[in-house]
Structure formats: C-alpha cells, structure tokens
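# Coordinate analysis (summary)
Spelled out from the first residue to the last, the chains are:
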Amino acid sequence: MNEPLAIKLRPKKISDIIGQQHLVGHDKVLFNMVSHKKLFSMILYGKPGIGKTSIAMAIVEELELRYRLLNAVINNKKDFDIVLEEAKLYGGMVIIMDEIHRMNKDKQDLLLPYLESGLITLIGMTTSNPYHKINPAIRSRVQIFELKELTTEDTIKALERAVNSEYLDGIKIDPTGISYIASLAGGDVRFAYNLLEVAYYSANNYEVTMDILKNINSKPVFFHDKNEDGHYDVLSAFQKSIRGSDVQASLHYLARLIVAGDLDSIYRRMSVIAYEDIGLANPSMGPKVEAAIQACERLGLPEARIPLGTVVVELALSPKSNSAHIALDQAIHDIERGNTGNVPNHIKTSSKDYLYPHNYKNAYVKQQYLPDQIKDKKYYHPKLTSKYERMLADILHNIEKM
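Residues numbered from 1 in each chain as written. Predicted model: local features only at pLDDT ≥ 70, side-chain atom pairs only at ≥ 80, totals over all residues. Heavy atoms only, no water.

## As for the nonpolar core
Among the nonpolar cores identified, the biggest contains 55 residues, and L30, M42, I59, I123, Y193 and L196 are the most heavily contacted of them. Considering every element that reaches this core, the biggest residue donor is helix α11 (residues 189-202), with 8 residues. Residues in contact with L30, not counting those within four places in the same chain, are L23, V24, M42, I55, I59 and F145. (Core = buried A, V, L, I, M, F, W, Y, C linked by side-chain atoms within 4.5 Å. Buried < 20%, exposed > 50% of the residue type's maximum accessible area, 1.4 Å probe, protein only. Helix = DSSP H or I, 4+ residues; strand = E, 2+ residues; numbered from the N terminus. Contact = heavy atoms within 4.5 Å.)

Laid out in structure tokens, this is it:
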C-alpha cells in the first residue's frame, strides 16, 4: 500500500508526539493515563495537522488496544453496527472517530448505550469547538482536550525527523528549504510532510531545492474554513481588533479574509462595526463604509483591497462609542418586560393639546413624550470619547436643564 509520508511517520508512542506537551509531556494527563494503562473516552479538538490522529493512534498502539477507525461522515450505520458486534465479540473496542461533530442522530443513538456501559471507548477528533458542535449526550460521557497550535520550530523538528527517516532515502535538502516548508505549513505538519514528499519525488537525484519548492507551492496555509469555527474566529478577531483600536491586528485579519476571498463577510462585519463600535463617536464612518463597499463591488479583487485597507485603518483608529445601540437595547428590554405604559394623550394623533416645537424659540418646548409609567427613564448616556458626542452631551445637558 502506497501510504502518504504523514501516515508512515505517525508516532507509535506518546513520547514520540511533536508538540502538545500540555497533554503528552511528562506527568501530564495523557502521559499519566498511558503510564497507568487506563483509557477513558475523549474528544481531541484543534486545527488540522496538529496531531489529533497521531495522539489517538499512539495511545491505542502503546496500550496495545483493539481499535477501529471510523469517520462520522463516510461510514454509514451498517459500518457502525459491524464495529459494535465486533466489540461485543471481543468484550470491548476503541473507536477512533474523525469528524465526530458531524455524527448524525441515528449513529449517536446507536453508540450511546455502549459508550455508557463501557463496551466502547471513544476517541473523537474534530476541528470544531465541541462545546458548540457536539451533542450534549456525547459530550457528557467524554473528556475534552484542546490541542494547541504547533510552532514553526515544532514543524521543523517534524521535517527533520522525516528527512532522517528510512522513507526518503537519499534526500538532499538544506536547513533553508526545511524552514521554508515550515513557514508555508502554518503549523500543519501533515501539509509539511506532503509538500516534502512531493518535492522529494519531483527532484532530480532527490535534491530538494528552493526552486522546486516554490514551483510546487508558494502560498502559505492557514486554517480558514468558511463553514466552520476557523472562519468565525477570524471574523471575531477582525471586529475585536478594530474595537480595540489595534490597527496592525485589524489589517492582519482583514488580509486573512481577503486571501480567503470572503468579501461579503468583510462588508457585513465592517457595516456592523461602523454603528456598533464607532457609532456616535464618528458618525461619518457609516456612509464611508458604504462608499468603500460600493467601490469594492465595482473594482473586485485584487483592487478591492485598496478601499478596504483605507476604511479599516480609519475604523480602527476612530474614537469608539456604543452608547446609541446600548440605549436602544435597554429600551427594547423594557418593552419586552412590559415596562411601557400608554402614549401620553397630548401627542396622540388626534390631540389638539400638542405643542409644536417649531413654534417656539430654538425649536424647543418642554412637554412629556414618554408614558407616565416611565416618564423619568433615561436610556441614552453619552460617551465622551469624541468631539462629536461631547457636543451631543452638551445639547442633552442643556435640554435637561430647561
């Protein structure tokens, strides 16, 4: 069988795992579990290529446990039935299940009683946050362990192990080439192994040069799946960086979204930011964001990056205020709780007692607008983070004095 290099190099023992020392390091939880020859059901979650399958396989092989590999999407209910019958026959089985967050209800219902009885020990793997994506019935029966991102140094260590293995006989690659692969991989060791293997078989006399590597792949990898947590994490980081006035981080996350080609998400998030986070501190940002979006739509990528960069810098460095939407949220909260009251008679449609402000000095006359029940309620509390809202605060103060 022509297995990929990543599978050939898969660790056989916990001590061979690269990275994840918070789990597999000496005296850490999985290290001690294996030392005590005891395994509990668990879910391993984290980005692709950082060692979920490697840890699962190292555990079962080091403990010499009977196991089966399943994929929640690919394997059907019949496959699950076969594994469960095998578990009954042998008195127990470890199921290593990839993409466990996609396991449908039929498979869950089938698995749960055996998980409860201990006949099945489950090692689930997912790139999605299990606290959001995994059925609570499964989640309550397992331990959840988060894997951390691998560093460039971790990836270099993995590549050096591959170069010195028996699987790339006669390979010639210098440290610069190894570092280049590691920098492209973005912490995904599987990607790094695959690129090294392709380069090895593409090279004359197995000499892997920078030219060969760049011809194969010159674009770095980063975890950004539009349908999964990685996408929403980047969008969240984008908004929080702008809200936090960190222009460098704002541009970084904007760049990630542009590389992913996701203009629609950028547009929506910028529009929200202009009103949620900047609001009355710089009210011109709403129209500016809309104008930038229209320019991007006319231009398309790659030119769209130019108006995007301009408007994101201004969003990040604008003064911030959430006073207006917080005020509205409090008003909505009152209404949802029934804290309303009747519209005062003098401002009802048919009233002859309404005082028309334009007939008075400065277009203002004192009269009650809120219902009697909440007539003294104050929703809007200005923030003084900008010249514009300080002006609004002065106007409000003068009105309240009158």
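Next comes the rest of the write-up.
## Considerations on helix α10 (residues 175-185)
Three or more residues of α10 are buried, namely G177, I178, Y180, I181, A182, L184 and A185. Following α10 by one or two positions, G186 adopts a phi angle in the positive range, close to 60 degrees.

## Focus: the pattern of salt bridges
Under the criterion given, the structure shown has 12 salt bridges. Where R243 meets D277, a salt bridge forms, and the shortest distance between an N and an O atom there is 2.6 Å. Residue R243 is found in helix α13 (residues 229-243), and its partner D277 is found in helix α15 (residues 263-278); the two are separated by 34 residues along the sequence. Owing to a relative accessible area of 35%, R243 belongs among the partly exposed residues under this scheme. One salt bridge connects D334 with K377, and the closest N-O pair in it is separated by 3.5 Å. Here the residue D334 occupies a position in helix α18 (residues 323-336), and K377 occupies one in the loop between α18 and α19 (387-401), the gap between them amounting to 43 residues. Assessed through its relative accessible area of 1%, D334 is described here as buried. Accessibility expressed as a relative area gives 35% for K377, which makes it partly exposed. (Salt bridge = Lys/Arg side-chain N within 4 Å of Asp/Glu carboxyl O.)

## Focus: the sheet that holds strand β1 (residues 42-45)
Sheets are built from strands that pair by backbone hydrogen bonding, the pairs being arranged parallel or antiparallel. Strands sit in the order β2-β3-β4-β1-β5 across an open sheet of 5 strands; the sheet is parallel. Both outer strands of the open sheet, β2 (67-71) and β5 (143-146), are each paired with one neighbouring strand and no more. Across this sheet, the average inter-strand angle for adjacent strands is 20 degrees, counted without regard to direction. Bridge analysis of β1 against strand β4 (residues 120-126) gives 4 bridges, and the strand direction is parallel. (Pairing = 2+ DSSP bridges. Axes fitted to C-alpha atoms, helices over the stretch in contact; angles between N-to-C directions.)

## Structural notes on the packing of helix α9 (residues 152-163) against α11
At a minimum axis distance of 10 Å, the contact between α9 and α11 shows a crossing angle of 40 degrees. Crossing angle aside, the handedness with which α9 passes α11 is right-handed. Contacts from T155, A158, L159, A162 and V163 in α9 reach V189, A192, Y193 and L196 in α11. Per-class residue counts for the contact of α9 with α11 are 8 nonpolar, 1 polar and no charged. (Left-handed = near helix turned anticlockwise from the far one by under 90°. Nonpolar A, V, L, I, M, F, W, Y, C, P; charged D, E, K, R; others polar.)

## So, the environment of Y369
Tracing the chain through its elements places Y369 in the loop between α18 and α19. Assessed through its relative accessible area of 43%, Y369 is described here as partly exposed. Once residues lying within four places of it in the same chain are set aside, the contact partners of Y369 are P344, I347 and P357. Looking at Y369, its side chain comes within polar contact range of the side chain of Q367, at 2.8 Å. (Polar contact = N/O pair within 3.5 Å; in protein donor to acceptor, adjacent residues only side chain to side chain.)

Remember that the coordinates give geometry; whether it matters functionally is a separate question.
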